[in-house]
Amino acid sequence: MTEKKIKAQDNSHDACVRAVAEELKKDNWTVKADLAGYQKPSAVGKGYLPDVQAEKKGCLTRICEVVTPEMFEGNREKYLEVKDYCDEYDFHMYVIDNDGKRRQIDPETFGKK
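The following paragraphs examine the structure supplied in this document. Here the structure is a predicted model, which means the values were calculated and not measured. (Residues numbered from 1 in each chain as written. Predicted model: local features only at pLDDT ≥ 70, side-chain atom pairs only at ≥ 80, totals over all residues. Heavy atoms only, no water.)

1. Re the state of the cysteines
Test applied: Disulfide assignment relies on a single distance test, namely cysteine sulfur atoms paired within 2.5 Å.
All chains considered together, the criterion is met by 0 disulfides. For the unlinked cysteine Cys16, the closest cysteine sulfur is that of Cys64, found at 9.5 Å.

2. Observations regarding the nonpolar core
Note the cut-off: The criterion is simple. A nonpolar core is a set of buried Ala, Val, Leu, Ile, Met, Phe, Trp, Tyr and Cys residues joined through side-chain atoms within 4.5 Å. Each residue is assigned to one of three classes by its accessible area relative to the maximum for its type, calculated with a 1.4 Å probe on protein chains only: buried under 20%, partly exposed between the two thresholds, exposed over 50%. Between two residues, a contact is recorded if the distance between any of their heavy atoms is within 4.5 Å.
Core analysis: the largest hydrophobic core is formed by 16 residues, its most contacted members being Val20, Leu24, Val31, Ala33 and Val52. Once you skip the residues sitting within four places of it in the chain, Val20 turns out to touch Val52, Cys64, Tyr94 and Arg102. Ranked by size, the runner-up nonpolar core spans 9 residues in total, among them Val44, Phe91, Val95 and Ile105.

3. Notes on the side chain of Glu65
For clarity, the cut-off: Labels follow the DSSP assignment, with helices taken as runs of H or I lasting at least four residues and strands as runs of E lasting at least two, numbered in each case from the N terminus. Polar contacts, as used here, are pairs of N or O atoms within 3.5 Å; protein pairs need one atom able to donate a hydrogen and one able to accept it. Residues neighboring in sequence count only if both atoms are side-chain atoms.
Residue position: Glu65 is located in strand β3 (residues 62–67). Among the residues examined, Glu65 registers a relative accessible area of 10% and is labelled buried. A polar contact of 3.2 Å, which involves the side chain of Glu65, links it to the backbone nitrogen of Asp51. For Glu65, the residues in contact, after removing those within four places along its chain, are Tyr48, Leu49, Pro50, Asp51, Phe91, His92, Met93 and Tyr94.

4. Description of the sheet that holds strand β1 (residues 30–33)
Filter applied, for reference: A pair of strands is considered paired only if DSSP assigns at least 2 bridges between the two. Under this scheme, a helix contributes an axis fitted over its contacting stretch, all axes are lines through C-alpha atoms, and angles between N-to-C directions fall in the 0 to 180 degree range.
Spatially, β1-β2-β3-β4-β5 is the arrangement adopted by the 5 strands of the open sheet, whose pairing is mixed. Only two strands of the sheet have a single partner each, and these edge strands are β1 and β5 (102–105). The sheet shows a mean angle of 25° between the axes of neighbouring strands, direction not considered. Note: β1 against strand β2 (residues 52–55), 4 bridges, orientation antiparallel. The partner of Lys32 across the bridge, within β2, is Gln53.

5. Some remarks on the pattern of salt bridges
Pairs can form between side chains of opposite charge whenever their charged atoms are close. The following threshold applies: Only one rule defines a salt bridge in this text: a Lys or Arg side-chain nitrogen within 4 Å of an Asp or Glu carboxyl oxygen.
Counted according to the given criterion, the structure contains 3 salt bridges. For Asp27, the salt bridge goes to Lys56, with nearest N and O atoms at 3.6 Å. With Asp27 in the loop between α1 (3–26) and β1 and Lys56 in the loop between β2 and β3, this residue pair connects regions lying 29 residues apart in the sequence. Taking relative accessible area as the criterion, Asp27 reaches 41% and is therefore assigned partly exposed. Here Lys56 falls in the partly exposed class, since its relative accessible area comes to 26%. The residue Asp34 makes a salt bridge to Lys40 at a minimum N-O spacing of 2.9 Å. Judged by its relative accessible area of 31%, Asp34 is partly exposed. Assessed through its relative accessible area of 46%, Lys40 is described here as partly exposed.

Interpretation note: all reported values are geometric properties and have no functional meaning in isolation.
Next up, the structure:
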């Protein structure tokens, strides 16, 4: 993979993480994100560091993970492995499509036709 393509994927990933973090902040969540300018999230499970960790009074802690198709590769096992770390949280996972659009994966319907 070329350096430009890797850099574009990183920018796309970080832009999506930033967008998720900003959306949560606007909805009055206290947000930590694995980005410059944010406090780093706490490790969960066996040292897993999520992209976004958000807390709001009266709600479960929300964990958000952003992946690109190249990172995730449509692999249900990889998704479930990450989700297993987050069973005690309100877990959200997003995929950035090749056109840069974000979509959320629903664990109940992912991989089903």
